[in-house]
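Residues per chain are reported as follows:
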Amino acid sequence: MDPEKIETKLAAARTRLILDKPFLGALVLRLPMVAADPGWCPTTATDARRFYYNPEFIDSLSMGQTQFMLAHEALHCALSHFARRQHRIKQRWDLACDFAINPLLMEDGLSAPPNVHFMPQYLGMTAEEIYPLIDENDDSETLDQHMYDQDNHSGGGRQGKPPRNEQEAEQQQGRRPDEDDGEQDRQDGEQPLQNEPGDSENGNDSLPDTQQGEGPPEPLSPDERDTLEVQWQQRLAGAAQQAQQAGKLGGTMARLIEHLLQPRLPWRMLLARYMTAMARDDFSYMRPSRREGDAILPSLKSSQIDIAVAVDTSGSIRGAAIEEFLSEIAALKGQMRARVTLLPCDSQLAPGAPWVIEPWEDFDTPEQLSGGGGTDFRPVFEWLENNGVRPELLVYFTDAEGQFPEQPPNYPVIWLVKGKEAPPWGQRIQLN
């Protein structure tokens, strides 16, 4: 096997991607290629800094399959899979990431090597959406290796025993099981970082284009992970813009990228500010009684906010997500005088609904919110209209996949959306 022949094959595959699929080619160009020791790299790997490959494996692939593996590793980096695992079990997370990437590449016309993980129903889904659908007892290994994590020996070709459940995974990472697993919200307006690792005029760093690696790379430190996450997000946005201008980015890939590049709004903060602003103490200029004289002087009043909270209990929303949302509402209610009308609904209102919680009452979630059927948003709005209830605000927690009323109501509606769908009206806030 001639090393120069393998290097030429990789360079040709990368060039072909740049010409035929400029979005993927621009991302692949950001990963210097490093020949790795077959002892730890049986196929290909990435640590979000470089593309590692086993020369014998590359030699066994066709040109199209080589393009697939280059694009596969680049998408792991561009989609920030190295920064999004959080408390999840690494082996299952690695599988979810591969299930998210491979259908996109195959839809885009790339040829997959044998033994790649592919399920067509996962097309367009994120790794977070796929992860809970993977059987806990599925011990499959990924074709490639994801070498950016603390536990570099799980996933493809992993060594040692993986954690048996998420609690054990958290303990192995030194985290408490009850710690918040929400992603950190990234603020808009971040400036591009200077001297990015892996960047220069030709898209690579100071390493040669290919180089023989000595051993597996060290996992990313927290600072490296945060820096690379910003850099890859910028690279993803730049590559998508260039490809769109060339008219060579469409289909599910374009929709997923558009979703991932949407600003991740700090929804808890936005909701708290919105509710607090509506319920804040203010001055009243109401005319006093005649006994108090004719002068109209401002008097301080403490207002109460009446809000309706609708919860999508259809089968597409997990119970843990509903509990997290309701606990947030309870916390906000404890900070202000709010009267809450709780309306759980799938295709119809839950039995026993609505539940009305007065300002002086604790927000106790009903023990069992029935649901699990289809999704129809109309019953919530119909109930409010038929019962003459006009809330100052309706907050609807949902994945926004269902039937909407044709016309918006005459009160503000905030949709807290867990997913990629867009409601036809109202204010949409993306949940992390």
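This structure is a prediction, so every number in the text was calculated from the model and none was measured.

### Brief notes about the overall build of the chain
The number of helices and strands found in the chain is 12 helices and 12 strands. Taken over 432 residues, the chain has a buried fraction of 48%. Pairs at least 24 residues apart make up 67% of the contacts formed inside the chain by residues separated by at least 6 positions.

### Describing helix α4 (residues 63-78)
In this model α4 runs 22 Å from its N-terminal to its C-terminal C-alpha over 16 residues, within 8% of the 22 Å that 1.5 Å per residue would give. Of all 16 residues that make up α4, 14 are buried, and the element is covered over most of its length.

### So, the sheet that holds strand β12 (residues 427-430)
Spatially, β9-β8-β7-β10-β11-β12 is the arrangement adopted by the 6 strands of the open sheet, whose pairing is mixed. Where the open sheet ends on each side, the last strands, each with one partner, are β9 (355-357) and β12. Along the sheet, successive strands turn relative to each other by an average axial angle of 20°, direction set aside.

### Here we look at the nonpolar core
Within the largest apolar cluster, 47 residues are counted, with the highest numbers of intra-cluster contacts made by Phe23, Leu75, Leu105, Trp232 and Met253. Among the elements that make up this core, the one with the highest residue count is α4 (8 residues). Dropping the residues within four chain positions of it, Met253 is found in contact with Phe23, Leu24, Leu75, Leu104, Leu105, Glu107 and Asp108. In terms of nonpolar packing, the next biggest core, distinct from the first, is built from 21 residues, Ile307, Val309, Ala321 and Phe325 among them.

### Details of unusual backbone geometry
Each neighbour pair has its own omega, and for Ala353 with Pro354 the value is 5°, a cis peptide bond. Inspection of the secondary structure puts Pro354 in the loop between β8 (338-345) and β9. A positive phi is found at Asn115, a non-glycine position, where the angle reads about 70°. Judged by its relative accessible area of 66%, Asn115 is exposed. Of note, the phi angle at Ala400 is positive, near 65°, even though the residue is not glycine. Considering the arrangement of structural elements, one finds Ala400 in the loop between β10 (393-398) and β11 (413-417).

### Here's the deal with the packing of helix α1 (residues 3-20) against α4
Where α1 meets α4, the axes come as close as 9 Å, and the angle between the chain directions of the two elements is 75°. One way to sum up the angle between α1 and α4 is to call them roughly perpendicular. Residue-level inspection shows Lys9, Leu10, Ala12, Ala13, Arg14, Arg16 and Leu17 of α1 in contact with α4, the latter providing Met63, Thr66, Gln67, Leu70 and Ala71.

### Regarding the pairing of β8
Of all 8 residues making up β8, 7 are buried, and the element is well covered by its neighbours. Bridge count for strand β7 (residues 305-312) against β8 is 8 bridges, and the pairing is parallel. Bridging across to β8, Asp306 finds its partner in Arg339. Relative to β9, β8 runs antiparallel, the two being bridged by 3 bridges. In the sheet register, Leu342 faces β9, and the bridge partner there is Trp355.

### So, the confidence of the model for the chain
Predicted confidence across the chain gives a mean pLDDT of 77, with 71% of residues reaching 70 or more. Here residues 152-166 scores under 50 on pLDDT; set against residues more than four positions off or in separate chains, the count is 35 contacts.

### Some words on the environment of Pro409
Inspection of the secondary structure assignment puts Pro409 in the loop between β10 and β11. Of the residues examined, Pro409 reaches a relative accessible area of 24% and is grouped as partly exposed. Put simply, Pro409 and Phe381 are 28 residues apart on the chain and 7.7 Å apart in space, counted from C-alpha to C-alpha. Excluding residues that lie within four positions of it along the chain, Pro409 makes contacts with Phe381 and Trp425.

### So, the packing of aromatic side chains
Applying the stated criterion to the full structure yields 13 aromatic pairs. One aromatic cluster is present, formed by Phe377, Phe381, Tyr396, Phe404, Trp415 and Trp425 through successive ring pairs. Across from the ring centre of Tyr131, 5.9 Å away, lies the NZ or CZ of Arg88, which sits over that ring. When the ring centre of Trp232 is taken as origin, the NZ or CZ atom of Arg235, which lies over that ring, is 4.4 Å away.

### Topic: helix α12 (residues 378-386)
What α12 keeps buried is the set Pro379, Val380, Phe381 and Leu384. Next to the buried residues of α12 lie β7, β8, β10 and β11. The positive-phi residue at the C-terminal boundary of α12 is Gly388, with phi of around 65°.

### Description of the sheet that holds strand β4 (residues 145-146)
Taken in spatial order, the 4 strands of this open sheet run β1-β3-β2-β4, and their pairing is mixed. The open sheet is flanked by β1 (33-35) and β4, the only strands paired with a single partner. Alignment of strand β2 (residues 44-46) against β4, held across 2 bridges, turns out to be parallel. Residue Thr46 lies in a different strand from β4, and its bridge partner there is His146. Where α1 meets the sheet, its contacts fall on β1 and β3 (51-53), and the angle it forms with β3 comes to roughly 140°. The sheet contacts of α4 involve β1, β2, β3 and β4, and relative to β2 the element is tilted by about 20°.

Calculation rules
- Residues numbered from 1 in each chain as written.
- Predicted model: local features only at pLDDT ≥ 70, side-chain atom pairs only at ≥ 80, totals over all residues.
- Heavy atoms only, no water.
- Helix = DSSP H or I, 4+ residues; strand = E, 2+ residues; numbered from the N terminus.
- Buried < 20%, exposed > 50% of the residue type's maximum accessible area, 1.4 Å probe, protein only.
- Contact = heavy atoms within 4.5 Å.
- Expected span 1.5 Å × (residues − 1).
- Pairing = 2+ DSSP bridges.
- Axes fitted to C-alpha atoms, helices over the stretch in contact; angles between N-to-C directions.
- Core = buried A, V, L, I, M, F, W, Y, C linked by side-chain atoms within 4.5 Å.
- Parallel < 35°, antiparallel > 145°, perpendicular 65-115°, else oblique.
- pLDDT = per-residue confidence, 0-100.
- Phe/Tyr/Trp six-rings, centres within 6.5 Å; stacked < 30°, edge-to-face > 60°.
- Lys NZ or Arg CZ within 6 Å of the ring centre and 35° of its normal.

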